[in-house]
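# An overview of the molecular structure
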Amino acid sequence: MPYEPPPYLAELSLAEIANQVEQRKLPPVENWAPQKLGDSFMRIAADGTWFHEGDPIRRPAMVRAFSGLLTRDDAGQHWLVTPFEKLTIEVDDAAFIAVDCAAKDGDLAFRLSTDDLVVAGPDNPLRIAGDPDTPAIYLQVRRGLEARLNRSTYAQLADIALETGGDDWIVSSQGALFSLQG
């Protein structure tokens, strides 16, 4: 069955977004205990491009499948996990790129470059990094993984902050407050 990406965030209600999030059945990698460790020879570039042995992975369905097996440990190492293997994967910045943002019923929904949908909140907080010249905002996704907001998504979030909070640069989602100032 071919993969159907979800509709644009602007077209979805918060309930529909929550339903899309729930429908994404991720493998239970946290329950697996593979015995074989190794290197995947894969890398995720800062722009979100996935590479295997130096060549870009051109099939979005493959990237989406691999992204469901991804995790990050407390030391910051990224892993691809299967029931039989746990393989390192090099990540230049963040495992995902947030490519769209929308305010829905007082909450903030994000679409990732893998078409995953994430609603910011206590379980998926926003984190400010960088400096005034090169600011960066990250969204906690799952299993220690983060998404960096791309420039247009950063601008969308800034517009939402100005519309809802004025000059204090604070946004809220699922009862959590996030300052967009570092």
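Above this note sits the structure.
A short tour of the structure in this document, coming up. Remember, it's a predicted structure, so these values are computed and weren't measured experimentally.

Attention shifts here to the pairing of strand β5 (residues 78-81). By the alternation rule, side chains of β5 split into His 78 and Leu 80 and Trp 79 and Val 81, which are all buried. Relative to β5, strand β4 (residues 70-72) is paired through three bridges, and the arrangement is antiparallel. Considered in β5, the bridge of Arg 72 is made with His 78. Where β4 hands over to β5, the hairpin turn is made up of five residues, of which Gly 76 adopts a positive phi near 95°. Note: β5 against strand β6 (residues 85-91), four bridges, orientation antiparallel. Residue Val 81 lies in a different strand from β6, and its bridge partner there is Lys 86. With antiparallel pairing between neighbouring strands as the criterion, β5 and β6 make up a hairpin whose turn holds three residues.

This brings us to the packing of aromatic side chains. In the structure shown here, the tally under the stated rule is one aromatic pair. Each ring, one from Trp 50 and one from Phe 66, has its centre 6.4 Å from the other, and the planes form 15°; the classification is stacked. Separated by 16 residues along the polypeptide, Trp 50 in strand β2 (residues 50-52) and Phe 66 in helix α2 (residues 60-67) bring together distant segments of the chain. Residue Trp 50 is classed as buried on the basis of its relative accessible area, which comes to 3%.

Strand order across the open sheet formed by six strands is β9-β8-β7-β12-β11-β10, with mixed pairing between neighbours. Every interior strand has two partners, whereas the edge strands, β9 (117-119) and β10 (126-130), have only one. Taken over all neighbouring pairs, the strand axes of this sheet differ in orientation by 40° on average, direction set aside. When strand β11 (residues 135-142) meets strand β12 (residues 145-149), the two strands line up antiparallel, connected through four bridges. Counterpart to Tyr 138 in the pairing with β12 is Arg 148.

Conventions we followed
Residues numbered from 1 in each chain as written. Predicted model: local features only at pLDDT ≥ 70, side-chain atom pairs only at ≥ 80, totals over all residues. Heavy atoms only, no water. Buried < 20%, exposed > 50% of the residue type's maximum accessible area, 1.4 Å probe, protein only. Helix = DSSP H or I, 4+ residues; strand = E, 2+ residues; numbered from the N terminus. Pairing = 2+ DSSP bridges. Phe/Tyr/Trp six-rings, centres within 6.5 Å; stacked < 30°, edge-to-face > 60°. Axes fitted to C-alpha atoms, helices over the stretch in contact; angles between N-to-C directions.

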